[in-house]
Amino acid sequence: MIDLKFDYSNALGILNQEEINHFQNEITQHYNSLNAKSGKGNDFLGWIDLPSNTEENLIKKIEEVASRVRQNSKVFVVVGIGGSYLGARAVIHALSNSFASINGNDGNPLIVYAGQNISEDYTNELLELLDNHDYSLAVISKSGTTTEPAIAFRLLKNHLINKYGHADTQKRIIAITDKSKGALKKLSDKEGYDTFIVPDDVGGRYSVLTPVGLLPIAIAGFNIRELLDGAKRMKDYIEKTPNIEENPVSAYAASRSALYRAGKTTEITVNYEPKLFYITEWWKQLYGESEGKEGKGIFPAGVGFTTDLHSMGQYIQDGLRNIFETVISVETPNSLLKVPTDEKDLDGLNYIAGKRLHQVNLKAETGTTLAHVDGGVPNLRIVLPEINENTLGQLIYFYEMACAISGYILNVNPFDQPGVEAYKKNMFALLGKPGFENETKEIYSRLS
Ligand code: PA5
């Protein structure tokens, strides 16, 4: 059984049931081609079986390395970009105390991130932090050649050597990369780093249930077995039937595809829990890189309410009517806090005194959904009973499978990202990378 629920009733009105059911046959075919590995991008379907075929030996190795890092490090740096860091960050942020710090993280290392930008200030401030605390790092790059993490890794490796010496540095670096290709693989073989492999048939943005996500999550002190179990529960559940009425993945893929067909070209994922901020960031990457190609695709956006009701709320209520929302609703928080009574009631809040903050949050959610639906913004809703490793595992697998099906409905390859190369080519030309001489000439003549 699964705990995650999905509901599209607040999209009915703009859509009718037939427009959603219209996608049933296609969805059934797409499940078949995913299972038969016969569709577009079929070299990259290894993620489908990760919840059921991740070997005990691998889980144990991850747990052992994590326990060693927890003993010798106050801080752990995840060096990676895109799919090589967002899954870990999403799960760790969702499960961590909102004010986790080096000295207040339940005895676990604080997880920080590098190589997801090229900002000099960000990287320098990170190095300053690391001057003062024991740390280790994982350098994560499937290709082993991505510029942003490679620059950060070079700086961090030098910093480690200056701080700990060469021999100790080797024990503080973990490499997660392709099994044979790329500069990182060569370096980690030479230096003898602990190494984990990103399977050939799993692309970056579908890799959170490989060591790419599992190792940082375990180091942060969270239960990766529960995460995998949640994903497996979702996998087993949706394998029973592709029917939209019973299968939440089919229902989500069908309703968002029907909304896209009806002109709703932007999907805004909404949370009412700041802990889910990076789940939205991970989802944006998964869906943006998987669907946005060949002039097609839903634009994935994200907001956090009620915070953004005081910024983006105006646009969502009254702006261009090309948007729909998918709310991730959490039924029960992990804490208990009530609005206090105040004798004088100068702020006029006594009418909610004694109510849990969460009850108020849920009323805000219902009120907002109704207002946005009235304003012409259809709402989809994913409900989690609470935020824990198991429900997050369910959510991850739900989103991954719905993304693959939605990509197939659009008739694009959801497992490649050819558009990402365009900026790289220009950047390499501008930086004068060897091998890009012609592009360098061309781009500087365009700029002069
Ligand atoms: O989903 C993807 O494939 C990308 O977002 C990659 O994860 C990202 O570009 C990083 O690539 P790499 O792991 O090769 O450094």
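Predicted model only: the values in this text are computed from it and were never measured.

**A closer look at the domain arrangement of the protein chain**
Piece 1. Annotation of the protein chain at the domain level lists domain 1 (5-41 + 229-410) and domain 2 (47-226).
Piece 2. Residue-level contacts link 31 residues of domain 1 with 26 residues of domain 2.
Piece 3. Taken over both partners, the interface formed by domain 1 and domain 2 buries close to 2600 Å², and the fraction arising from carbon and sulfur atoms is 62%.
Piece 4. A per-residue breakdown of the area domain 1 buries against domain 2 is headed by Lys-275, Tyr-278 and Glu-389, which together make up 27% of the total.
Piece 5. Our enumeration of links across domain 1 and domain 2 arrives at three salt bridges.
Piece 6. Two residues, Asp-49 and Lys-37, come together in a salt bridge whose shortest N-O distance is 4.0 Å.
Piece 7. Applying the counting rule to domain 1 against domain 2 returns 14 residue pairs in polar contact (both at pLDDT 80 or more).
Piece 8. Residue assignment for the side of domain 1 that touches domain 2 shows that the elements contributing at least two residues are helix H11 (224-239), helix H13 (277-291) and helix H16 (389-410).
Piece 9. Looking at the side of domain 1 that touches domain 2 residue by residue, the classes come out as 16 nonpolar, five polar and 10 charged.

**Details of H11**
Piece 1. With 16 residues, H11 ought to run about 22 Å at 1.5 Å a step, and its terminal C-alpha atoms sit 22 Å apart, in line with that.
Piece 2. If you check which residues of H11 are buried, you get Ile-224, Leu-227, Leu-228, Gly-230, Ala-231, Met-234, Lys-235 and Ile-238. End-on view of H11: buried residues confined to an arc of 155 degrees, all on one side of the axis.
Piece 3. By the N-cap criterion, in which a side-chain oxygen at the helix start approaches the backbone nitrogen of a residue two or three places on, H11 is capped by Asn-223, the distance to Arg-225 being 3.0 Å.

Definitions and cut-offs
Residues numbered from 1 in each chain as written. Predicted model: local features only at pLDDT ≥ 70, side-chain atom pairs only at ≥ 80, totals over all residues. Heavy atoms only, no water. Domains from an automatic or database assignment. Contact = heavy atoms within 4.5 Å. Buried area = accessible area lost by both parts, 1.4 Å probe. Salt bridge = Lys/Arg side-chain N within 4 Å of Asp/Glu carboxyl O. Polar contact = N/O pair within 3.5 Å; in protein donor to acceptor, adjacent residues only side chain to side chain. Helix = DSSP H or I, 4+ residues; strand = E, 2+ residues; numbered from the N terminus. Nonpolar A, V, L, I, M, F, W, Y, C, P; charged D, E, K, R; others polar. Expected span 1.5 Å × (residues − 1). Buried < 20%, exposed > 50% of the residue type's maximum accessible area, 1.4 Å probe, protein only. Arc of directions from axis to C-beta.

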